[in-house]
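Below are the chains, spelled out letter by letter.
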Amino acid sequence: MWKGFVVYLFGLRYEKAVKSGLICLFVFWGLRQAEISLKIAPGILYLMTGAVTACSMWQDLSAENEAMAGKNLFMLPFSGRKLIVSYVGALSLYTFLTRTALVLSLALAVSFWGAAELTGSLLSALYGSLLTAWIYGERKYRKRTLLWIAATIVFGLFFSSTWLFSAGMALSCFVAVCFLIRIDAYAFYEGSRIARKETKLKNFGQFSIWTYFLRYLSHHKNYLVNTLILWGVAAGLPLCLGQTDRSFALPIGLSLLTLNTPICILLSADPHLEQAVRMLPGQKRSFILPYGLFLFTFNLIGAFIFLLSFEMQGGGGSGRDLVMAILIAGLGALGSAEMEWHFPIRSWKTKSDLWHHPRKYVVPGSLLLISGLFASWF
(Lines give C-alpha, C1' and ligand atoms only; values in the text may rest on other atoms or scores of the structure.)
Protein backbone atom coordinates (compact mmCIF):
# COMPACT_ATOMS: atom_id res chain seq x y z
CA MET A 1 0.00 0.00 0.00
CA TRP A 2 2.78 2.41 0.90
CA LYS A 3 4.62 1.81 -2.35
CA GLY A 4 1.43 2.17 -4.36
CA PHE A 5 0.58 5.57 -2.87
CA VAL A 6 4.16 6.83 -3.10
CA VAL A 7 4.52 5.78 -6.74
CA TYR A 8 1.18 7.40 -7.55
CA LEU A 9 2.18 10.71 -5.95
CA PHE A 10 5.86 10.91 -6.89
CA GLY A 11 6.04 8.87 -10.07
CA LEU A 12 7.44 5.47 -10.93
CA ARG A 13 11.05 6.59 -10.39
CA TYR A 14 10.16 9.14 -7.68
CA GLU A 15 11.04 11.90 -10.14
CA LYS A 16 8.78 14.46 -8.45
CA ALA A 17 10.60 14.02 -5.14
CA VAL A 18 13.96 14.47 -6.86
CA LYS A 19 12.70 17.55 -8.71
CA SER A 20 11.33 19.15 -5.55
CA GLY A 21 14.55 18.41 -3.67
CA LEU A 22 16.69 20.01 -6.38
CA ILE A 23 14.47 23.11 -6.48
CA CYS A 24 14.75 23.54 -2.70
CA LEU A 25 18.52 23.02 -2.86
CA PHE A 26 18.95 25.65 -5.61
CA VAL A 27 16.72 28.13 -3.78
CA PHE A 28 18.60 27.64 -0.52
CA TRP A 29 22.01 27.90 -2.15
CA GLY A 30 21.04 30.93 -4.26
CA LEU A 31 19.71 32.91 -1.30
CA ARG A 32 22.72 31.94 0.80
CA GLN A 33 25.02 33.28 -1.89
CA ALA A 34 23.00 36.50 -2.00
CA GLU A 35 23.80 36.97 1.72
CA ILE A 36 20.28 38.11 2.60
CA SER A 37 19.85 38.12 6.37
CA LEU A 38 16.58 38.29 8.33
CA LYS A 39 15.86 37.61 11.97
CA ILE A 40 13.10 35.02 12.35
CA ALA A 41 12.07 34.02 15.85
CA PRO A 42 11.94 30.23 16.40
CA GLY A 43 8.26 30.39 17.36
CA ILE A 44 7.36 32.17 14.11
CA LEU A 45 9.43 29.68 12.11
CA TYR A 46 7.66 26.72 13.74
CA LEU A 47 4.24 28.30 13.34
CA MET A 48 4.89 29.07 9.68
CA THR A 49 6.09 25.53 8.96
CA GLY A 50 3.18 23.90 10.73
CA ALA A 51 0.56 26.20 9.16
CA VAL A 52 1.82 25.67 5.61
CA THR A 53 1.89 21.90 6.10
CA ALA A 54 -1.57 21.79 7.69
CA CYS A 55 -3.22 23.94 4.99
CA SER A 56 -1.63 21.98 2.15
CA MET A 57 -2.48 18.66 3.80
CA TRP A 58 -6.11 19.65 4.27
CA GLN A 59 -6.35 20.77 0.66
CA ASP A 60 -4.97 17.45 -0.57
CA LEU A 61 -7.20 15.41 1.73
CA SER A 62 -10.44 17.22 0.91
CA ALA A 63 -9.89 17.66 -2.82
CA GLU A 64 -10.44 15.16 -5.60
CA ASN A 65 -7.78 12.52 -5.27
CA GLU A 66 -7.78 9.45 -7.47
CA ALA A 67 -5.60 7.60 -4.96
CA MET A 68 -8.57 7.36 -2.57
CA ALA A 69 -11.43 7.68 -5.05
CA GLY A 70 -12.20 3.99 -5.08
CA LYS A 71 -10.37 2.40 -8.00
CA ASN A 72 -11.19 -1.05 -6.56
CA LEU A 73 -9.05 -0.29 -3.51
CA PHE A 74 -11.89 -0.80 -1.04
CA MET A 75 -13.12 -3.91 -2.85
CA LEU A 76 -10.01 -5.78 -1.73
CA PRO A 77 -9.41 -7.12 1.79
CA PHE A 78 -7.21 -4.70 3.69
CA SER A 79 -6.17 -3.68 7.17
CA GLY A 80 -7.64 -0.31 8.06
CA ARG A 81 -4.64 0.60 10.19
CA LYS A 82 -2.18 -0.22 7.40
CA LEU A 83 -4.25 1.72 4.88
CA ILE A 84 -4.37 4.83 7.08
CA VAL A 85 -0.66 4.68 7.88
CA SER A 86 0.25 4.20 4.22
CA TYR A 87 -2.09 6.85 2.83
CA VAL A 88 -1.48 9.53 5.48
CA GLY A 89 2.25 8.81 5.54
CA ALA A 90 2.63 9.05 1.76
CA LEU A 91 0.48 12.18 1.53
CA SER A 92 2.36 13.80 4.43
CA LEU A 93 5.69 13.11 2.73
CA TYR A 94 4.33 14.47 -0.54
CA THR A 95 3.02 17.62 1.15
CA PHE A 96 6.30 18.23 2.94
CA LEU A 97 8.55 17.73 -0.10
CA THR A 98 6.42 19.68 -2.59
CA ARG A 99 5.09 22.51 -0.38
CA THR A 100 6.64 22.83 3.06
CA ALA A 101 10.24 22.13 2.03
CA LEU A 102 10.26 25.10 -0.34
CA VAL A 103 8.98 27.51 2.33
CA LEU A 104 11.38 26.03 4.89
CA SER A 105 14.34 26.35 2.54
CA LEU A 106 13.47 30.01 1.95
CA ALA A 107 13.24 30.73 5.70
CA LEU A 108 16.41 28.82 6.59
CA ALA A 109 18.39 30.44 3.77
CA VAL A 110 17.84 33.98 5.07
CA SER A 111 17.97 33.35 8.84
CA PHE A 112 20.33 32.03 11.49
CA TRP A 113 19.51 28.57 12.76
CA GLY A 114 20.95 25.48 14.35
CA ALA A 115 20.08 21.86 15.02
CA ALA A 116 17.38 22.84 17.53
CA GLU A 117 15.55 25.10 15.04
CA LEU A 118 15.76 22.49 12.28
CA THR A 119 14.44 19.76 14.59
CA GLY A 120 11.61 21.99 15.78
CA SER A 121 10.63 22.85 12.20
CA LEU A 122 10.52 19.21 11.15
CA LEU A 123 8.47 18.27 14.22
CA SER A 124 6.08 21.16 13.51
CA ALA A 125 5.60 19.94 9.95
CA LEU A 126 4.99 16.39 11.14
CA TYR A 127 2.56 17.61 13.78
CA GLY A 128 0.67 19.70 11.23
CA SER A 129 0.20 16.81 8.82
CA LEU A 130 -0.78 14.24 11.46
CA LEU A 131 -3.21 16.52 13.25
CA THR A 132 -4.80 17.63 9.99
CA ALA A 133 -5.36 14.02 8.95
CA TRP A 134 -6.86 13.25 12.37
CA ILE A 135 -9.23 16.24 12.22
CA TYR A 136 -10.24 15.31 8.69
CA GLY A 137 -10.98 11.68 9.53
CA GLU A 138 -12.45 12.21 13.00
CA ARG A 139 -15.30 14.70 12.70
CA LYS A 140 -16.82 13.93 16.07
CA TYR A 141 -14.24 15.63 18.29
CA ARG A 142 -13.15 18.53 16.09
CA LYS A 143 -13.91 21.21 18.69
CA ARG A 144 -11.67 19.56 21.24
CA THR A 145 -8.95 19.16 18.66
CA LEU A 146 -9.11 22.86 17.75
CA LEU A 147 -8.60 23.69 21.42
CA TRP A 148 -5.60 21.39 21.40
CA ILE A 149 -4.20 23.24 18.38
CA ALA A 150 -4.69 26.61 20.08
CA ALA A 151 -2.93 25.35 23.20
CA THR A 152 -0.06 24.04 21.06
CA ILE A 153 0.37 27.43 19.36
CA VAL A 154 0.50 29.23 22.71
CA PHE A 155 2.92 26.62 24.05
CA GLY A 156 5.15 27.00 21.00
CA LEU A 157 5.29 30.79 21.18
CA PHE A 158 6.32 30.72 24.87
CA PHE A 159 8.66 27.71 24.90
CA SER A 160 10.00 27.73 21.33
CA SER A 161 13.55 28.50 22.47
CA THR A 162 13.77 25.60 24.93
CA TRP A 163 14.02 21.83 24.70
CA LEU A 164 10.49 21.61 26.09
CA PHE A 165 9.09 22.56 22.69
CA SER A 166 10.66 19.61 20.88
CA ALA A 167 9.60 17.25 23.67
CA GLY A 168 6.04 18.59 23.64
CA MET A 169 5.76 18.38 19.86
CA ALA A 170 7.12 14.83 19.83
CA LEU A 171 4.55 13.85 22.47
CA SER A 172 1.76 15.55 20.51
CA CYS A 173 2.76 13.68 17.35
CA PHE A 174 2.69 10.39 19.23
CA VAL A 175 -0.78 11.12 20.63
CA ALA A 176 -2.02 12.15 17.17
CA VAL A 177 -0.76 8.86 15.71
CA CYS A 178 -2.51 6.87 18.46
CA PHE A 179 -5.82 8.57 17.70
CA LEU A 180 -5.30 8.49 13.94
CA ILE A 181 -4.83 4.72 13.61
CA ARG A 182 -8.14 4.16 15.42
CA ILE A 183 -10.14 6.00 12.75
CA ASP A 184 -12.21 4.03 10.27
CA ALA A 185 -10.35 4.01 6.94
CA TYR A 186 -13.61 4.65 5.08
CA ALA A 187 -13.68 8.16 6.57
CA PHE A 188 -10.99 9.21 4.09
CA TYR A 189 -12.79 7.55 1.21
CA GLU A 190 -16.08 9.20 2.15
CA GLY A 191 -14.42 12.61 2.29
CA SER A 192 -12.89 12.11 -1.12
CA ARG A 193 -16.19 10.87 -2.51
CA ILE A 194 -18.10 13.85 -1.14
CA ALA A 195 -15.51 16.23 -2.53
CA ARG A 196 -16.02 14.66 -5.94
CA LYS A 197 -19.79 15.04 -5.76
CA GLU A 198 -20.72 17.49 -8.48
CA THR A 199 -23.73 18.26 -10.62
CA LYS A 200 -23.49 16.74 -14.07
CA LEU A 201 -25.50 18.20 -16.92
CA LYS A 202 -27.06 16.24 -19.72
CA ASN A 203 -27.45 19.21 -22.02
CA PHE A 204 -25.29 22.35 -22.03
CA GLY A 205 -27.81 25.01 -22.83
CA GLN A 206 -27.45 28.74 -22.29
CA PHE A 207 -29.00 28.61 -18.82
CA SER A 208 -28.02 25.10 -17.78
CA ILE A 209 -24.31 25.89 -18.04
CA TRP A 210 -24.74 28.89 -15.74
CA THR A 211 -26.65 26.64 -13.37
CA TYR A 212 -23.71 24.24 -13.50
CA PHE A 213 -21.26 27.03 -12.64
CA LEU A 214 -23.33 28.19 -9.67
CA ARG A 215 -23.85 24.65 -8.35
CA TYR A 216 -20.18 23.89 -8.88
CA LEU A 217 -19.26 26.85 -6.70
CA SER A 218 -21.82 25.83 -4.09
CA HIS A 219 -20.11 22.42 -3.82
CA HIS A 220 -16.64 24.04 -3.69
CA LYS A 221 -16.82 26.64 -0.95
CA ASN A 222 -13.06 27.11 -1.05
CA TYR A 223 -13.40 28.53 -4.57
CA LEU A 224 -15.75 31.19 -3.24
CA VAL A 225 -13.47 31.90 -0.28
CA ASN A 226 -10.51 32.31 -2.62
CA THR A 227 -12.52 34.72 -4.78
CA LEU A 228 -13.58 36.77 -1.75
CA ILE A 229 -9.96 36.95 -0.62
CA LEU A 230 -8.99 38.17 -4.09
CA TRP A 231 -11.63 40.89 -3.91
CA GLY A 232 -10.28 41.86 -0.49
CA VAL A 233 -6.84 42.14 -2.08
CA ALA A 234 -8.41 44.37 -4.75
CA ALA A 235 -9.62 46.72 -2.01
CA GLY A 236 -6.20 46.90 -0.35
CA LEU A 237 -4.01 46.83 -3.45
CA PRO A 238 -4.07 50.65 -3.99
CA LEU A 239 -2.28 51.01 -0.64
CA CYS A 240 0.60 48.89 -1.94
CA LEU A 241 0.71 50.84 -5.20
CA GLY A 242 0.41 54.24 -3.56
CA GLN A 243 3.92 55.38 -4.56
CA THR A 244 3.61 54.05 -8.13
CA ASP A 245 2.64 56.33 -10.98
CA ARG A 246 -1.06 56.10 -11.76
CA SER A 247 -0.51 55.20 -15.41
CA PHE A 248 1.37 52.07 -14.29
CA ALA A 249 -0.47 51.33 -11.04
CA LEU A 250 -3.83 50.73 -12.73
CA PRO A 251 -2.60 48.21 -15.34
CA ILE A 252 -0.55 46.37 -12.71
CA GLY A 253 -3.47 46.07 -10.30
CA LEU A 254 -6.05 45.13 -12.93
CA SER A 255 -3.78 42.49 -14.43
CA LEU A 256 -3.01 40.90 -11.06
CA LEU A 257 -6.71 40.63 -10.28
CA THR A 258 -7.22 38.23 -13.19
CA LEU A 259 -5.21 35.66 -11.20
CA ASN A 260 -8.27 33.83 -9.86
CA THR A 261 -6.89 30.31 -10.09
CA PRO A 262 -9.84 28.14 -8.95
CA ILE A 263 -12.50 29.37 -11.36
CA CYS A 264 -10.00 29.52 -14.24
CA ILE A 265 -9.32 25.77 -14.16
CA LEU A 266 -12.81 24.24 -14.24
CA LEU A 267 -12.09 21.98 -17.21
CA SER A 268 -8.68 20.96 -15.88
CA ALA A 269 -10.16 20.20 -12.48
CA ASP A 270 -12.92 17.99 -13.90
CA PRO A 271 -11.60 15.59 -16.59
CA HIS A 272 -15.07 14.04 -17.00
CA LEU A 273 -16.59 17.41 -17.82
CA GLU A 274 -13.81 18.13 -20.32
CA GLN A 275 -14.42 14.79 -22.01
CA ALA A 276 -18.16 15.47 -22.26
CA VAL A 277 -17.61 18.98 -23.64
CA ARG A 278 -15.18 17.78 -26.31
CA MET A 279 -17.23 14.77 -27.40
CA LEU A 280 -20.59 16.45 -27.96
CA PRO A 281 -21.09 18.52 -31.14
CA GLY A 282 -21.07 22.30 -30.83
CA GLN A 283 -20.02 22.23 -27.20
CA LYS A 284 -17.03 24.54 -27.70
CA ARG A 285 -19.34 27.43 -28.52
CA SER A 286 -22.00 26.35 -26.02
CA PHE A 287 -19.50 26.03 -23.17
CA ILE A 288 -16.63 28.42 -23.84
CA LEU A 289 -18.82 31.49 -24.46
CA PRO A 290 -20.80 31.17 -21.17
CA TYR A 291 -17.59 30.21 -19.38
CA GLY A 292 -15.84 33.31 -20.71
CA LEU A 293 -18.77 35.50 -19.62
CA PHE A 294 -18.67 33.81 -16.22
CA LEU A 295 -14.98 34.64 -15.81
CA PHE A 296 -15.54 38.15 -17.16
CA THR A 297 -18.18 38.78 -14.48
CA PHE A 298 -15.83 37.80 -11.66
CA ASN A 299 -12.91 39.74 -13.17
CA LEU A 300 -15.05 42.83 -13.62
CA ILE A 301 -16.29 42.78 -10.02
CA GLY A 302 -12.69 42.68 -8.78
CA ALA A 303 -11.70 45.46 -11.19
CA PHE A 304 -14.56 47.70 -10.01
CA ILE A 305 -13.60 47.12 -6.37
CA PHE A 306 -10.02 48.07 -7.21
CA LEU A 307 -11.08 51.26 -9.05
CA LEU A 308 -13.45 52.28 -6.27
CA SER A 309 -10.75 51.75 -3.64
CA PHE A 310 -8.25 53.67 -5.76
CA GLU A 311 -10.64 56.58 -6.09
CA MET A 312 -11.50 56.62 -2.36
CA GLN A 313 -7.80 56.96 -1.58
CA GLY A 314 -7.49 60.08 -3.70
CA GLY A 315 -6.49 58.50 -6.97
CA GLY A 316 -9.25 60.11 -8.98
CA GLY A 317 -11.03 58.41 -11.83
CA SER A 318 -11.91 58.82 -15.48
CA GLY A 319 -13.69 57.11 -18.32
CA ARG A 320 -10.34 55.87 -19.60
CA ASP A 321 -9.82 53.92 -16.37
CA LEU A 322 -13.23 52.31 -16.74
CA VAL A 323 -12.51 51.31 -20.32
CA MET A 324 -9.15 49.86 -19.27
CA ALA A 325 -10.80 47.84 -16.48
CA ILE A 326 -13.41 46.38 -18.83
CA LEU A 327 -10.78 45.66 -21.50
CA ILE A 328 -8.37 43.88 -19.13
CA ALA A 329 -11.19 41.93 -17.46
CA GLY A 330 -12.45 40.81 -20.88
CA LEU A 331 -9.00 39.88 -22.18
CA GLY A 332 -8.27 37.97 -18.95
CA ALA A 333 -11.52 36.01 -19.23
CA LEU A 334 -10.94 35.27 -22.92
CA GLY A 335 -7.35 34.19 -22.33
CA SER A 336 -8.27 31.93 -19.39
CA ALA A 337 -11.13 30.28 -21.30
CA GLU A 338 -8.97 29.68 -24.37
CA MET A 339 -6.14 28.29 -22.24
CA GLU A 340 -8.56 25.84 -20.66
CA TRP A 341 -9.80 24.73 -24.07
CA HIS A 342 -6.48 24.48 -25.93
CA PHE A 343 -4.02 23.80 -23.08
CA PRO A 344 -5.82 22.02 -20.21
CA ILE A 345 -3.69 20.84 -17.30
CA ARG A 346 -3.67 17.06 -17.18
CA SER A 347 -0.45 16.02 -15.46
CA TRP A 348 -1.60 16.61 -11.89
CA LYS A 349 -2.02 14.19 -9.01
CA THR A 350 -3.78 16.33 -6.40
CA LYS A 351 -5.75 19.56 -6.51
CA SER A 352 -2.84 21.27 -4.80
CA ASP A 353 -0.70 20.54 -7.88
CA LEU A 354 -3.43 21.97 -10.07
CA TRP A 355 -3.79 25.17 -8.06
CA HIS A 356 -0.05 25.82 -8.04
CA HIS A 357 0.63 24.98 -11.68
CA PRO A 358 2.83 27.63 -13.39
CA ARG A 359 0.30 27.98 -16.21
CA LYS A 360 -1.84 30.22 -13.98
CA TYR A 361 0.69 33.04 -14.46
CA VAL A 362 0.55 33.04 -18.26
CA VAL A 363 -2.59 35.16 -18.72
CA PRO A 364 -1.92 37.71 -15.92
CA GLY A 365 1.72 37.99 -16.98
CA SER A 366 0.78 38.59 -20.60
CA LEU A 367 -1.81 41.19 -19.61
CA LEU A 368 0.71 42.90 -17.36
CA LEU A 369 3.21 43.13 -20.21
CA ILE A 370 0.64 44.34 -22.75
CA SER A 371 -0.98 46.88 -20.44
CA GLY A 372 2.44 48.14 -19.33
CA LEU A 373 3.44 48.78 -22.93
CA PHE A 374 0.10 50.44 -23.57
CA ALA A 375 0.55 52.71 -20.52
CA SER A 376 4.08 53.69 -21.57
CA TRP A 377 2.90 54.71 -25.04
CA PHE A 378 -0.10 56.73 -23.86
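To be clear, the structure that these remarks concern was listed above.
Cut-off values and rules
Residues numbered from 1 in each chain as written. Predicted model: local features only at pLDDT ≥ 70, side-chain atom pairs only at ≥ 80, totals over all residues. Heavy atoms only, no water. Patch = residues over 30% accessible without salt bridge, like charges linked within 9 Å, V, L, I, M, F, W, Y side chains within 5 Å. Areas by Shrake-Rupley, 256 points an atom, 1.4 Å probe, with all protein chains shown as cover. Salt bridge = Lys/Arg side-chain N within 4 Å of Asp/Glu carboxyl O. Helix = DSSP H or I, 4+ residues; strand = E, 2+ residues; numbered from the N terminus. Buried < 20%, exposed > 50% of the residue type's maximum accessible area, 1.4 Å probe, protein only. Core = buried A, V, L, I, M, F, W, Y, C linked by side-chain atoms within 4.5 Å. Axes fitted to C-alpha atoms, helices over the stretch in contact; angles between N-to-C directions. Parallel < 35°, antiparallel > 145°, perpendicular 65-115°, else oblique. Left-handed = near helix turned anticlockwise from the far one by under 90°. Contact = heavy atoms within 4.5 Å. Nonpolar A, V, L, I, M, F, W, Y, C, P; charged D, E, K, R; others polar.

Judged by side-chain polarity, Ile44, Leu47, Ile153, Val154, Leu157, Phe158, Phe159, Trp163 and Leu164 come together as a nonpolar surface patch covering roughly 900 Å² of accessible area. Elements with a minimum of two residues in the nonpolar patch: α3 (42-62), α6 (142-159) and α7 (163-180). Of all the elements, α6 adds the most residues to the nonpolar patch, at five residues. When you line up the elements, Val154 lands in helix α6. On the basis of relative accessible area, Val154 is assigned to the partly exposed category, the value being 46%.

Quick look at the nonpolar core now. Core analysis: the largest hydrophobic core is formed by 35 residues, its most contacted members being Leu61, Ile84, Val88, Ala133, Leu180 and Phe188. Those elements that place two or more of their residues in this core are α1 (2-10), α3, α4 (80-109), α5 (115-137), α7 and α8 (186-195). Ranked by residues supplied to this core, first place goes to α4 with ten residues. Counting 28 residues, the second-largest nonpolar core is a separate cluster that includes Tyr212, Tyr223, Leu354 and Trp355.

Bringing the packing of α3 against α4 into the picture now. Contact geometry for α3 and α4: axes closest at 9 Å, N-to-C directions at 140°. Here α3 is positioned oblique relative to α4, judged by the angle of their axes. Crossing of α3 over α4 shows right-handed handedness. Contacts between α3 and α4 involve Leu45, Met48, Thr49, Val52, Thr53, Ser56, Met57, Asp60 and Leu61 from the first element and Tyr87, Val88, Leu91, Ser92, Tyr94, Thr95, Arg99, Thr100, Val103, Leu104, Ala107 and Leu108 from the second. Residues of the contact of α3 with α4, tallied by class, amount to 13 nonpolar, six polar and two charged.

According to the stated counting rule, one finds one salt bridge in the structure shown. The partner of Glu340 in a salt bridge is Arg359, and the shortest N-O contact between them spans 2.8 Å. In this pair, Glu340 is assigned in helix α15 (residues 319-342) and Arg359 in the loop between α16 (351-355) and α17 (362-377), connecting sequence segments 19 residues apart. The class for Glu340 is buried, based on a relative accessible area of 0%. Residue Arg359 is classed as buried on the basis of its relative accessible area, which comes to 14%.

Taken by themselves, the reported measurements are silent on function.
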